[in-house]
Amino acid sequence: AQSVTQLGSHVSVSEGALVLLRCNYSSSVPPYLFWYVQYPNQGLQLLLKYTTGATLVKGINGFEAEFKKSETSFHLTKPSAHMSDAAEYFCAVSASGGSYIPTFGRGTSLIVHP
Amino acid sequence: DGGITQSPKYLFRKEGQNVTLSCEQNLNHDAMYWYRQDPGQGLRLIYYSQIVNDFQKGDIAEGYSVSREKKESFPLTVTSAQKNPTAFYLCASSIGPGTPLQQFFGPGTRLTVL
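Residues numbered from 1 in each chain as written. Chains lettered and ligands numbered in written order. Predicted model: local features only at pLDDT ≥ 70, side-chain atom pairs only at ≥ 80, totals over all residues. Heavy atoms only, no water.

**Considerations on the interface of chain A and chain B**
Condition: By definition, residues are in contact when any of their heavy atoms lie within 4.5 Å. Throughout, the accessible surface (probe 1.4 Å) given up by two parts as they are put together, summed over both, is called the buried area. We define a salt bridge as a contact between a side-chain nitrogen of Lys or Arg and a carboxyl oxygen of Asp or Glu at a distance within 4 Å. We call two N or O atoms a polar contact when they sit within 3.5 Å, provided that within protein one can donate a hydrogen and the other can accept it, with sequence-adjacent residues counted only if both atoms are side-chain atoms.
Listed per partner, the contact involves 20 residues of chain A and 24 residues of chain B. Of the roughly 1,700 Å² buried between chain A and chain B, counting both surfaces, carbon and sulfur atoms make up 58%. Ranking the residues of chain A by area buried against chain B places Asn41(A), Ile101(A) and Phe104(A) at the top, with a combined share of 31%. The interface formed by chain A and chain B contains 0 salt bridges. Remark: the boundary between chain A and chain B carries 5 residue pairs in polar contact (both at pLDDT 80 or more).

Shown next, in the form of structure tokens:
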């Protein structure tokens, strides 16, 4: 079985501050990990993904995430928040044990203050 | 442009009525999915289809039905048996079964039961 835990349903930062959104996963086989962003009343858009290879993954809009197997984590970061980053962020895991059907976390709402 | 379309954007239903949500993709993807999104609960899988004329129940299939007669289309029917159907519904697709690649999402349909 696979699962995802996103710590913090809401994260609030000031514009220009570091963004850190936490994601921990559970998987009995090597996982594939994803971060998606959702703006209000819209579908999800892929930010970045880890499949194999380099553990530091860079995505769109200046976001990046690092796969840490020992910590079973895939935290999302951005050095400097922008007002346009305010959205809901979802971490997802898929693996061969689950036929690669993704399991999503509950989401973290990022609030950016001016 | 390739992508996924969902219609309608907003849908209102009286209790006891069945309604069908449309999902069409022109990405030539084999796999398609339906998710339900409620505040604070992330995305929950309703049904998925990995090939035409075949589909599988997800985690919350009760009260829903689907069909997959064409590769491009995966409509979802919310039946009167679904006790709490008010939610945001998302359709997604991916290249094929058994692959760890990302999903592509439609813009969603918001269903409200009056």
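Anyway, onward from the coordinates.
**Considerations on the nonpolar core**
Across soluble globular proteins, nonpolar side chains have a tendency to be buried as a group. Residue and element names in this part refer to chain A. Under the convention used in this document: Residues belong to a common nonpolar core when they are buried Ala, Val, Leu, Ile, Met, Phe, Trp, Tyr or Cys residues joined through side-chain atoms within 4.5 Å. Categorising residues by exposure relies on relative accessible area from a 1.4 Å probe, with only protein chains included: less than 20% of the type maximum marks a residue as buried, more than 50% marks it as exposed, and the intermediate range marks it as partly exposed. Counting from the N terminus, the helices are DSSP H or I runs at least four residues long and the strands are E runs at least two residues long.
Counting residues in each nonpolar core, the largest one holds 26 residues, and the members touching the most others are Trp35, Leu48, Leu76 and Tyr89. Secondary structure elements with two or more residues in this core: β2 (10–14), β3 (19–21), β5 (32–38), β6 (44–50), β8 (64–68), β9 (73–78), β10 (87–94) and β12 (108–113). With 4 residues, the single largest contributor to this core is β10. Sequence-distant contacts of Leu76, defined by excluding residues within four places in its chain, comprise Val19, Leu20, Leu21, Trp35, Leu47, Leu48, Phe63, Glu64, Ala65 and Tyr89.

**Points about the side chain of Ser109(A)**
Structurally, Ser109(A) can be placed in strand β12. Beyond its immediate stretch of four places on either side in the chain, Ser109(A) contacts Ser9(A), His10(A), Val11(A), Ala87(A) and Glu88(A).

**Focus on empty space enclosed by the protein**
We apply this condition: Computed over the protein atoms alone on a 1 Å grid, cavities are sets of points where a 1.4 Å probe fits but cannot get out and pockets are open sets with protein on both sides within 12 Å along at least five of seven lines; a residue lines them when it has an atom within 4 Å of a point. Grid points are joined across faces, edges and corners, and a volume is the space filled by probe spheres set on the points. Under the scheme applied here, ten amino acids are nonpolar (Ala, Val, Leu, Ile, Met, Phe, Trp, Tyr, Cys and Pro), four are charged (Asp, Glu, Lys and Arg), and all others, including Gly, are polar.
Within this structure, the stated rule accounts for 1 cavity of 30 Å³ or more. Phe34(A), Ser94(A), Tyr100(A), Pro102(A), Tyr33(B), Ser94(B), Thr99(B), Pro100(B), Leu101(B) and Gln103(B) together form the lining of the largest cavity. Taken together, the residues of the lining of the largest cavity sort by class into 6 nonpolar, 4 polar and no charged.

**Section: the state of the cysteines**
Residues and elements named next belong to chain A. Short version of the rule: Any two cysteine sulfur atoms within 2.5 Å of one another count as a disulfide.
One pass over the full model with this rule turns up 2 disulfides over all chains. Cys23 shares a disulfide with Cys91; S-S distance 2.0 Å. The S-S bond linking Cys23 to Cys91 shows a torsion near -60 degrees; that makes this disulfide left-handed. Here Cys23, found in the loop between β3 and β4 (24–26), pairs with Cys91, found in strand β10; they are 68 residues apart in sequence, far enough to count as distant. Taken individually, Cys23 and Cys91 each receive the classification buried, so the pair is uniform in this respect.

**Notes on the layout of surface pockets**
Put simply, the largest pocket is a space of about 350 Å³. In this structure, the largest pocket is lined by 21 residues; those nearest its centre are Gln38(A), Gln37(B), Pro39(B), Phe88(B) and Arg110(B). At the level of elements, β10 of chain A together with β9 (87–94) and β11 (109–113) of chain B are the ones that each hand at least two residues to the lining of the largest pocket. Here the second largest pocket is characterised by a volume of approximately 260 Å³.

**Observations regarding the packing of aromatic side chains**
What counts is decided by this rule: Note on ring pairs: Phe, Tyr and Trp rings are taken, using the six-membered ring of Trp, and paired if centres are within 6.5 Å. Classes follow the plane angle, with under 30 degrees stacked, over 60 edge-to-face and the rest tilted.
Applying the stated criterion across every chain, the model contains 14 aromatic pairs over all chains. Where Tyr36(A) meets Phe104(A), the ring centres are 5.8 Å apart and the plane angle is 45 degrees; that geometry is what we call tilted. Taken together, the residues Tyr36(A) in strand β5 and Phe104(A) in strand β11 (residues 103–104) connect sequence positions 68 residues apart. An angle of 25 degrees between the planes, with centres 6.5 Å apart, marks the rings of Tyr33(B) and Tyr48(B) as stacked. Pair noted here: Tyr33(B) is in strand β4 (residues 31–37) and Tyr48(B) is in strand β5 (residues 43–51), with a separation of 15 residues, a long-range link. For the residue pair Tyr33(B) and Tyr48(B), the accessibility class agrees, reading buried in each case.

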